[in-house]
Amino acid sequence: MLNKKISELLDDQFNKEMYSAYLYLDYANYYHEQGLDGFANWYDIQAQEERDHAMLIRTYLHNNGEKLALEAIEKPSGVYRSIEEPLRLALQHERYITDQINQIYKAADKVNDYRSMQFLDWFVKEQGEEEKNSEDLIRKFELFGNEAKGLYALNQELLARRYAAPSLVL
Ligand SMILES: [Fe+2]
Ligand SMILES: [Fe+2]
């Protein structure tokens, strides 16, 4: 059993990770429509990773005898004004998720739930990587994305990304 509050916060975070997967699928769809298969690949993989994050939380809740309540997943906008916009929105979203993880961490600390803090350590580190990846992509786009050859090369680079299962095993 976990502290009720922590269990609820983790349940809520499961939904946010599923929303993250949904959001990144939406970006991937947009890039498919734009003919940018590399950008689409990048966000398809992001979406897979976000689903993994959700599943890790699910396993953790189950391992601790908790139930997971599935809630409706919010609908992403589907409308983007430029090929740069999803990149910026992604960074904004990752910063928001970092803040959410930190809040659960703080709540766990408050009730001496060291087990959940240790579980969340992986997410704290992961968010550092997520923010860095998002920032790096924006920077590359600023450097190369505004002319055709640079955009083509960047798209090819993103096309080479391969999915890797999460390093955390529960
Ligand atoms: Fe995530
Ligand atoms: Fe993420």
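The coordinates are above.
An account of the accompanying structure is given in this report. (Residues numbered from 1 in each chain as written. Chains lettered and ligands numbered in written order. Predicted model: local features only at pLDDT ≥ 70, side-chain atom pairs only at ≥ 80, totals over all residues. Heavy atoms only, no water.)

## Re the overall build of the protein
This is how it is decided: Note on conventions: DSSP H or I runs of at least 4 residues are helices, E runs of at least 2 residues are strands, and numbering of each starts at the N terminus. As a reference, a globule follows 2.2 Å times the number of residues to the power 0.38, and the radius of gyration itself is taken over C-alpha atoms. The classification of residues rests on relative accessible area computed with a 1.4 Å probe and restricted to protein chains. Under 20% of the type maximum is buried, over 50% is exposed, and intermediate values are partly exposed. Contact definition: two residues touch when any of their heavy atoms are within 4.5 Å. For the purpose of charge, His is not counted, nor are the chain termini; Lys and Arg are scored as positive and Asp and Glu as negative. Every charge is mapped onto a representative atom, which is NZ of Lys, CZ of Arg, CG of Asp or CD of Glu.
Tallying secondary structure elements over the protein gives five helices and zero strands in all. Mapped from its N terminus to its C terminus, the protein presents α and β elements in the order α-α-α-α-α. Taking 170 residues into account, the globule formula puts the C-alpha radius of gyration at 15 Å, and the protein, at 17 Å, falls close to it. For the protein, the spread of C-alpha atoms along the principal axes amounts to about 55 × 25 × 25 Å. Looking at the 170 residues of the protein, the share that counts as buried comes to 49%. Contacts in the protein between residues far apart in sequence, at least 24 positions, make up 82% of those at least 6 positions apart. Between the averaged position of the 20 positive side-chain charges in the protein and that of its 30 negative side-chain charges there is a distance of 2 Å.

## Examining the coordination of the iron ion (ligand 1)
In plain terms, the rule: For Na, K and Ca the donor cut-off is 3.2 Å, while for other metals it is 2.8 Å, and in both cases only N, O and S atoms qualify; water is not among them, so sites may look incomplete.
Around the iron ion (ligand 1), the protein supplies Glu17 (OE), Glu50 (OE) and His53 (ND1) as donor atoms, at distances of 2.1 Å. Taken as a pair, the iron ion (ligand 1) and the iron ion (ligand 2) lie 3.4 Å from each other and share Glu50 as a ligand. Of the two residues, Glu50 and His53 are both situated in helix H2 (residues 37–63); the distance of three residues between them amounts to about one turn of the helix. The exposure classification of Glu50 matches that of His53, with both residues buried.

## Quick word on empty space enclosed by the protein
What counts here: With a 1 Å grid spanning the protein atoms alone, the term cavity applies to any set of points in which a 1.4 Å probe fits but cannot get out, the term pocket to an open set with protein on both sides within 12 Å along at least five of seven lines, and the term lining residue to any residue with an atom within 4 Å of a point. Grid points are joined across faces, edges and corners, and a volume is the space filled by probe spheres set on the points. Residues are grouped as follows: nonpolar covers Ala, Val, Leu, Ile, Met, Phe, Trp, Tyr, Cys and Pro; charged covers Asp, Glu, Lys and Arg; every other residue, Gly included, is treated as polar.
Evaluation of the coordinates by the stated rule reveals one cavity of 30 Å³ or more. In this structure, the largest cavity encloses a volume near 60 Å³. If you trace the largest cavity, you find it lined by Tyr24, Trp42, Tyr43, Gln46, Ala90, Glu130, Asn133, Ser134 and Leu137. Of all elements in the fold, only H2 and helix H4 (114–144) reach the threshold of two or more residues within the lining of the largest cavity. Among the residues forming the lining of the largest cavity, the class breakdown is five nonpolar, three polar and one charged.

## As for H4
Spelled out, the test is: One fewer than the residue count of a helix, multiplied by 1.5 Å, yields its expected span. Bend at a residue means the angle formed by two fitted axes: the first through the 7 residues ending at that position, the second through the 7 residues beginning there.
With 31 residues, H4 extends 45 Å from end C-alpha to end C-alpha; this agrees with the ideal 45 Å at 1.5 Å per step. Remark: the principal bend of H4, roughly 30°, maps to Leu120.

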